[in-house]
Amino acid sequence: MNPKGGDIVLRELLTYTRIKVPGRLRRDYLWPAAFSLLLTAVLAIPTSLAVFPGLSLLAELVRVVTELLQLLAGFYIALLALVSTMSSTQLNELMSKVELKVGDDWQTLSRRRYLAFLFGYLAFVCVSLYLVSSGSLIVADEVATVLGGLGLFMGWVLPVIGWTLFAVFTFAALHMFTITANGIRYLSFRLHIPEIKQGPVEIVSDSDNA
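By convention here, each chain's residues receive numbers from 1 onward along its written sequence. Selection of residues for local features in this predicted model requires a pLDDT of at least 70, selection of side-chain atom pairs for listing and counting requires 80 or more, and totals for whole chains, interfaces and linings are taken over all residues. To get the side-chain values, all heavy atoms of the structure are used, and hydrogens and water are removed first.

*Asks:* Any chance you could explain the sheet that holds strand E3 (residues 105-110) here in plain terms?
*Replies:* Backbone-to-backbone hydrogen bonds join strands into a sheet, with any given pair of strands oriented parallel or antiparallel. The strand order across the open sheet built from 3 strands is E1-E2-E3, with neighbouring strands paired in antiparallel fashion. One side of each edge strand has no neighbouring strand; the edge strands of this open sheet are strand E1 (19-20) and E3. Think of it this way: DSSP has to see at least two bridges between two strands before they count as a pair. Strands are runs of DSSP state E lasting at least 2 residues, helices are runs of H or I lasting at least 4, and numbering of each runs from the N terminus. Of the pairings in the sheet, the one linking E1 to strand E2 (residues 94-102) comprises 2 bridges and is antiparallel in character. Bridge assignment links Ile-19 to a residue of E2, and that residue is Leu-100.

*Asks:* What exactly am I supposed to notice about the packing of aromatic side chains here?
*Replies:* Aromatic rings in a pair are described by how distant their centres are and how their planes are angled relative to each other. Pairing of aromatic rings covers Phe, Tyr and Trp, the last through its six-membered ring, and needs centres within 6.5 Å; plane angles under 30 degrees mean stacked, over 60 mean edge-to-face, and all others mean tilted. Applying the stated criterion across every chain, the model contains 6 aromatic pairs. Between Phe-75 and Tyr-76, the aromatic rings sit 5.8 Å apart at their centres with planes inclined by 55°, giving tilted as the arrangement. For every residue, the accessible area obtained with a 1.4 Å probe (protein chains only) is divided by the maximum for its type, and the residue is called buried under 20%, exposed over 50%, and partly exposed between those limits. Classification of Phe-75 by relative accessible area gives partly exposed; the value is 33%. With relative accessibility at 0%, the residue Tyr-76 sits in the buried group. Their ring planes at 85° and their centres at 5.3 Å tell us that Trp-163 and Phe-166 sit as a pair that is edge-to-face.

*Asks:* It is not clear to me how the nonpolar core should be interpreted in this structure. Could you clarify?
*Replies:* Side chains of nonpolar character tend, in soluble globular proteins, to be buried together. Formed by 38 residues in total, the largest nonpolar core has its most connected members in Tyr-16, Ile-19, Tyr-76, Tyr-114, Phe-119 and Met-176. Put simply, the parts of the chain that give this core at least two residues each are helix H2 (24-48), helix H3 (55-85), E2, helix H4 (111-149) and helix H5 (157-188). Residue contributions to this core peak at 11 residues, all from H4. Grouping buried Ala, Val, Leu, Ile, Met, Phe, Trp, Tyr and Cys residues that are joined through side-chain atoms within 4.5 Å yields what is termed a nonpolar core.

*Asks:* What's the story with the environment of Ser-134 in this structure? I'm lost.
*Replies:* Structurally, Ser-134 is set in helix H4. Residue Ser-134 is classed as buried on the basis of its relative accessible area, which comes to 18%. Each C-alpha atom of the pair Ser-134 and Val-62 lies 8.7 Å from the other, and the pair is 72 residues apart in sequence. Here a polar contact is taken to be a pair of N or O atoms separated by no more than 3.5 Å, where protein atoms must pair a possible hydrogen donor with a possible acceptor and residues adjacent in sequence count only if both atoms sit in side chains. Polar contacts involving the side chain of Ser-134 include one to the main-chain carbonyl oxygen of Tyr-130, which spans 2.8 Å.

*Asks:* What should I look at first to understand unusual backbone geometry in this one?
*Replies:* As a rule of thumb, non-glycine residues mostly have phi less than zero, and peptide bonds are mostly trans rather than cis. The phi angle at Lys-97 is positive, at roughly 65°, despite the residue not being glycine. Relative to the helices and strands, Lys-97 resides in strand E2. Accessibility expressed as a relative area gives 67% for Lys-97, which makes it exposed.

*Asks:* Can you help me understand the side chain of Arg-112 in this one?
*Replies:* You can see Arg-112 is positioned in helix H4. Reaching out from Arg-112, the side chain makes a polar contact with the backbone oxygen of Val-83 at a distance of 2.8 Å. A distance of 2.7 Å separates a polar atom in the side chain of Arg-112 from the backbone oxygen of Met-86. Residue contacts for Arg-112: discarding those within four places in its chain leaves Val-83, Ser-84, Thr-85, Met-86, Ser-87, Ser-88, Leu-91 and Asn-92. Contacts: residue pairs with any heavy atoms within 4.5 Å of one another.

Written as structure tokens, this is what we have:
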């Protein structure tokens, strides 16, 4: 059964996550997860010892990242437009060991399609993360007040919930920044090194064959 409507849009925006690239699992997921847990532990443990002003520190960190996301959203969209429209024989070269499953077959991607999927995914994640972080900053104080009014949440429960959400948010941000660094590295360095496979690639819609 073919996906319809919003399912097709979401599937296409998340195409980058289905690309088979050597080392992507470690680079895009494991390292961000490890650094996210480490950063959360480093910040949360002193907070529990009253060295930092509790959850206000968490809110301030989220606010800083939210301001950065505003700038990055336009940056990703500009790079996506550039990669998609720029006339370059280098961008049309097929990549070695970079494939996307289309239907029942694995299709080798050109550099142009790979970078378009990468920056399109980043733009989607960035906008989504910005909306979530902005919304959380707006309602954080009210939610904390309501939950704090319940005796159950007065002690360690509320901070645990806050720092758990912070760890998830930090992972998403580091995941995005890691992919960004890889995309910039490819544009500035790898793009100028000839690939083993060369030639134009036929554009096939992923959703048409799903």
